[in-house]
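Geometric and topological summary
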Amino acid sequence: MLLDIAGNGSYNAGSGRKNLMSKPVKTRFAPSPTGYLHIGGARTALFSWLFARRHGGTFLLRIEDTDQQRSTDESTRAILDAMAWLGLNWDEGPFFQAERVGIHRQMIERLVDEGKAYWCTCTQEELEEKRKTALAQGRKPKYDGTCRDRHLPPTPGSVVRFRCPDVGVTRMEDLIKGNILFQNEELDDLVIQRGDGYPTYNFAVVVDDAQMGITHVIRGDDHVNNTPRQILLYEALGFPVPLFAHVPMILGADKARLSKRHGATSVMAYRDMGYLPEALVNYLVRLGWSHGDQEIFTGDELQGLFDLDTVGKSPAVFNPEKLLWLNQHYIRTYSVERLVEALQPLWPAASDSAQGDFLRSVVGDLQSRSRTLLELIDGAAFYFSEEVRYDEKAAEKFLTAASAGHLEAVLEQLPGVENYTREGLEALLRSLAESRQTKLKEIAQPLRVALTGKTVSPGIDEVMATLGRKRSMERIARALSCIRAAPPS
RNA sequence: GUCCCCAUCGUCUAGUGGCCUAGGACACUGGCCUUUCACGCCGGUAACCGGGGUUCGACUCCCCGUGGGGACGCCA
């Protein structure tokens, strides 16, 4: 049944004029399940997905699990979860490459029969040795063709190599980098079937992309040098060669390829750190792609605007600060309800529906001042504590005999406030400041410390409104007793 | 070492021969707003890697250098 996917002919190519003129676009993301989905992979997947969406095409997911040693189901699940979280939905798949080895072997056999590939018994040790000496002598380490014309029969444990032409030029049409020429003499006879009988990446990817009808192969820059060999394989197999688009790498602050030592590289780690998928998507898409001066894009906008000809050619440095800025932006665009929902996996309190209104109010207070969900949770802690913990410096500065009078006045007035809302409370504080002939600040700061324990918090009127009359009064009363208990200074 | 790719503010980028005294965004920073913080608003610092060409004119085109990245696996 896996074979059928290539012939999915009755395809409706969306409404764009352009699409009516050309073959329907079909792209894919083909990760190997040897770890989580990382930032670089996510961006490649995003570009691939966006390109398909933009052109009314199909986006396919294929898991390249031919390396039996390193592939795990856990990784597959992690990748699928991350894709789902980012909203990168696939139209076909996931297909598992390892399930297709029968097909791959058939094709390999065919190539051997046709003399386009041959069995090779060189051992890994021998090859490793040759590579080392070649490198030491300043030569390019390539297979020397020992078994090329020996016409060896298949033997267990030996490999199959593809016979690369040693003259001529192979041309790659790259939608991002432009056309690139490779001298065939630079290529060597690559292994297409390993000793364990499994096809190698370069072979399997060609067969699968061809049979699955992929029109645009969008992948990382690191594959550029694989492409001429793959093109040669397409030709040897008699398959049409797709279009390629190699997207530049993402680098760390030191301009080295992004890796764990640069900090979090897993997509899901960003979820766990309190980032919103929209923020990560928006950040990632702007790494290498742009649309004039626009920085913020909705998903719909991206699907309408994205294209490969506006993708840049140079590698980009990952900048966590800008991601943070975007995350803050998206937190502010969320409705309180959606925010509460997003907070649930990170915050036990958010799952407590019993205090739904209180929770929504808390989240509303913090929404505009949080760069991540974790910051929000952190900033909200004081709402939930039984007894406010006073920051030492804050208490020292504001919970003083001098401010006790202000606090008493607030405490006195609170029971009489008819309109117990943010607005009503603001009005109260303002009139109090006026009647006590002081600045609002002189009342607000001590009050803030009394209610939150800190000098930094949401607007104090918001805090009181959220806390409610009873809790607010209790907290003020407690602050007052602390002031009285303290030795006079 | 060989091959491939790339090169505009610290970072992401706009710029497709004259519109550039190089634009935007993040970060940094001065100010305003203000009950703290954040937001918001106004302003500032900051870049075309170097050298040769081509051209009346180069950030833009070509060559060379330099720098950075990638590839050179029975990994993908």
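Residues numbered from 1 in each chain as written. Chains lettered and ligands numbered in written order. Predicted model: local features only at pLDDT ≥ 70, side-chain atom pairs only at ≥ 80, totals over all residues. Heavy atoms only, no water.

1. Comments concerning the overall build of chain A
Test applied: Only DSSP runs of H or I with at least four residues qualify as helices, and only runs of E with at least two residues qualify as strands; both kinds are numbered from the N terminus onward. Radius of gyration: C-alpha atoms only; globule rule: 2.2 Å multiplied by the number of residues to the exponent 0.38. Residue exposure (1.4 Å probe, protein chains only): buried if accessible area is under 20% of the type maximum, exposed if over 50%, otherwise partly exposed. Here, residues are in contact when the closest pair of their heavy atoms is within 4.5 Å. Note on areas: Shrake-Rupley with a 1.4 Å probe; residue coverage comes only from the protein chains shown. Working convention for charge: Lys and Arg count positive, Asp and Glu count negative, and His plus the chain ends are omitted. To locate a charge, the coordinates of NZ of Lys, CZ of Arg, CG of Asp or CD of Glu are taken.
In terms of helices and strands, chain A carries 20 helices and 12 strands. Scaling as 2.2 N^0.38, a compact globule of 489 residues should have a C-alpha radius of gyration of about 23 Å, whereas chain A reaches 31 Å, well beyond that. For chain A, the spread of C-alpha atoms along the three principal axes comes to 100 × 55 × 40 Å. Buried residues in chain A amount to 49% of all 489 residues. Long-range contacts, defined as pairs at least 24 residues apart, comprise 76% of the intrachain contacts of chain A with a sequence gap of at least 6. Of the roughly 24,100 Å² of accessible surface on chain A, 50% is carried by carbon and sulfur atoms. Within chain A, the 64 negative side-chain charges are centred at a point lying 3 Å from the centre of the 59 positive side-chain charges.

2. So, the protein's contact with RNA strand B
Under the convention used in this document: Here a residue is near a molecule or strand as soon as one of its heavy atoms is found within 4 Å of it. Any N or O atom pair separated by 3.5 Å or less is treated as a polar contact, with the protein-specific requirement of one donor-capable and one acceptor-capable atom, and with residues adjacent in sequence counted only for side-chain atom pairs. Three categories are distinguished: nonpolar for Ala, Val, Leu, Ile, Met, Phe, Trp, Tyr, Cys and Pro, charged for Asp, Glu, Lys and Arg, and polar for the others, with Gly belonging to the last.
Residues in contact with RNA strand B amount to 62 residues; listed here are only the nearest, Gly138, Arg194, Gly288, Arg369 and Asp461. Within 4 Å of the protein, atoms of RNA strand B come from sugar and phosphate in 70% of cases. Within the side chain of Asn225, an N or O atom sits 3.0 Å from a base nitrogen of RNA strand B. Between RNA strand B and Arg332 there is a distance of 2.6 Å, counted from a sugar or linking oxygen to a side-chain nitrogen or oxygen. Of all the secondary structure elements, the ones that give two or more residues to the surface near RNA strand B are α5 (124-136), β7 (178-183), β12 (316-317), α11 (320-333), α18 (440-452) and α19 (460-467). Across the surface near RNA strand B, the residue classes break down as 19 nonpolar, 19 polar and 24 charged.

3. Remarks on the sheet that holds strand β5 (residues 159-162)
Stated precisely, the cut-off is as follows: We call two strands paired when DSSP finds no fewer than two bridges between them. A fitted line through C-alpha atoms represents every axis, and for helices the fit uses only the stretch in contact; the resulting angles, taken between N-to-C directions, go from 0 to 180 degrees.
One open sheet holds the three strands; their spatial order is β4-β5-β8, and the pairing between them is antiparallel. Among the strands making up the open sheet, the edge pair consists of β4 (117-120) and β8 (191-193). Across the sheet, the mean angle separating the axes of adjacent strands is 45° when strand polarity is ignored.

4. As for α19
Counting buried positions along α19 gives seven out of eight residues, so the element sits mostly inside the fold. Every buried residue of α19 is accounted for by Ile460, Asp461, Glu462, Val463, Met464, Thr466 and Leu467. Residues of α19 that are buried make contact with α13 (356-367), α14 (373-384), α17 (422-435), α18 and α20 (469-485). Positive backbone phi, at 90°, marks Gly468, one or two positions downstream of α19.

5. Quick notes on unusual backbone geometry
Gly93 connects to Pro94 through a cis peptide bond whose omega is 5°. One can find Pro94 in strand β3 (residues 92-96). You will see that Lys255, though not glycine, has its phi angle at about 70°, which is positive. Considering the arrangement of structural elements, one finds Lys255 in the loop between β11 (250-251) and α8 (267-272). The backbone of Gln437 sits at a positive phi, close to 55°, despite the residue not being glycine. Of note, Gln437 is situated in the loop between α17 and α18.

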